[in-house]
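A closer look at the structure
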Amino acid sequence: MSTQLKTIEPLPVTSVASAPALDRFCSVARTVEILSDAWSFLVLREAFFRTRRFEGFQSVLRLPRNTLVQRLNRLTELGLLQKSSYSAGSTRFEYRFTSKGLDLFPVMLAMLTFGDTWLRGDKEPPLQLVHTACGKPFSPVVTCSACGEPIDAHDVQYRNGPGAGSCPRPTDRKRSRRPSDAQVLERVRPCSVARTLQIIGDRWTFLVVREMFFGVRRFDEFQANLGIASNILTDRLQRLTDHGIVAKRAYQLRPERFEYRFTDKGRDLYGSMLVMMHWGDRWLADGRPPLLMRHRKCQHDFHAQIACSECHEPIQARQVDYQMRYVLEPDA
Ligand SMILES: [Zn+2]
Ligand SMILES: [Zn+2]
């Protein structure tokens, strides 16, 4: 893929002494930041299971009341949920998805597919999805919006979009923390989406994976592109290796130097990245996507969409039913 990236200009390299380090504008990074807060994620997930009321969220998630209030407010401020009274004059509220929130459904489905494929161990996937439009159990497939064919990372060319550019790197230290542990994210429900977030849901890991899709393989290239501290980079590459996302290979012996390449599992994160990018482009980029993509097979600009593996139609959030392969067990 590296040869396709020539059309994207590198960011200026900033030295330690100069102005604040810069981040490339990236719709995927913005989306990951919203989803990587574990509690917000859990609330959104329950909302996709059609929970609407405060008591409903609380009885399933058993979050401290303040934490739940805070997250519902945050998701409302972000424009993902809207709050309304149960009925005229009632002082009790329910929370429903806005169009922006509902549009996160394909993102959830893409991560679910990755988790179902790679992170389920020897068990069946926790959920069986049913597409009510065609009536069949299905798997989500990431496809090209122009031709409807499945998307492969090798078939995509990139170029700068109208929103290309950079912004000062956030200094909020919390953003670089590692993902919440699995027990929190899988609270109550076994969940393939949570397992995927475990891998890509922290800022630096995600950025390393993104650079790899742009063809970056070597330690010093990651450092130059991301301005990442070497101990953090070492840690994240090690975790990605442990998760089987990347494989490490020596390309030079004296001194020994390594490069990192995707395994098949790692390459399969591409669909999730594309779907997250589309959501970010649609809702967080003011109509100015930072990156444009062309599908080589059909020669059209495209965005990623999720289609049904059985009838091949794009999936709408309200056309999916779930069969749970587990018993819902709220925390005691
Ligand atoms: Zn296409
Ligand atoms: Zn279908």
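Residues numbered from 1 in each chain as written. Chains lettered and ligands numbered in written order. Predicted model: local features only at pLDDT ≥ 70, side-chain atom pairs only at ≥ 80, totals over all residues.

1. Thoughts on unusual backbone geometry
Residue proline 255 is reached from arginine 254 by a cis peptide bond, and omega for that bond is -5°. Within the secondary structure, proline 255 sits in the loop between β9 (246-252) and β10 (257-262). Backbone geometry places glutamine 299, a non-glycine residue, at a positive phi of 60°. Along the chain, glutamine 299 turns up in the loop between β11 (291-295) and β12 (300-301). With phi around 65°, histidine 312 is a residue other than glycine that occupies positive phi space. Tracing the backbone shows histidine 312 in the loop between β13 (304-308) and β14 (320-324). (Helix = DSSP H or I, 4+ residues; strand = E, 2+ residues; numbered from the N terminus.)

2. Quick look at the sheet that holds strand β5 (residues 136-138)
Read across the open sheet, the three strands follow the order β5-β4-β14; overall the sheet is antiparallel. Every interior strand has two partners, whereas the edge strands, β5 and β14, have only one. Ignoring which end each strand starts from, the neighbouring axes of this sheet average 40° apart. Two strands pair when backbone bridges link them, and strand β4 (residues 127-131) and β5 are joined in this way by three bridges, in the antiparallel orientation. Within β5, the position partnered with valine 130 by the bridge is proline 137. (Pairing = 2+ DSSP bridges. Axes fitted to C-alpha atoms, helices over the stretch in contact; angles between N-to-C directions.)

3. Observations regarding the sheet that holds β11
Strand pairing within a sheet occurs via backbone hydrogen bonds; the two strands may be parallel or antiparallel. Pairing is antiparallel across the open sheet formed by three strands, whose spatial order is β7-β11-β12. Pairing within the sheet leaves two strands with one partner each, and these edge strands are β7 (156-160) and β12.

4. A closer look at the environment of leucine 72
The residue leucine 72 is located in helix α4 (residues 65-77) in this model. Along the sequence, leucine 72 and phenylalanine 57 sit 15 residues apart, while their C-alpha atoms lie 9.8 Å from each other. Those residues within four positions of leucine 72 in sequence are excluded, and the remaining contacts are Val43, Leu81 and Tyr95. (Contact = placed C-beta atoms within 7 Å.)

5. Re the confidence of the model for the protein
With 88% of its residues at a pLDDT of 70 or more, the protein shows a mean pLDDT of 85. The spread of mean pLDDT over the elements of the protein runs between helix α7 (residues 182-185), the lowest at 68, and β12, the highest at 96. Low confidence marks residues 12-19, where pLDDT is under 50. Its contacts with residues over four positions away, or in another chain, come to six contacts. (pLDDT = per-residue confidence, 0-100.)

6. Things to note about the pairing of β13
Of all five residues in β13, five are buried; the element is thus mostly enclosed. Bridging between strand β6 (residues 140-144) and β13 involves five bridges; their strand directions are antiparallel. In the strand pairing of β13, valine 142 is matched with isoleucine 306. (Buried ≥ 20, exposed ≤ 12 C-beta atoms within 10 Å, placed from the backbone.)

7. Remarks on the packing of helix α2 (residues 38-48) against α4
Taken N-terminus to C-terminus, the directions of α2 and α4 make an angle of 75°; their axes are 10 Å apart at the nearest point. It follows that α2 is roughly perpendicular to α4 by the angle criterion. In contact with Trp39, Ser40, Val43 and Leu44 of α2, α4 contributes Thr67, Arg71, Leu72, Arg74 and Leu75. Residues belonging to the contact of α2 with α4 are distributed by class as follows: five nonpolar, two polar and two charged. (Parallel < 35°, antiparallel > 145°, perpendicular 65-115°, else oblique. Nonpolar A, V, L, I, M, F, W, Y, C, P; charged D, E, K, R; others polar.)

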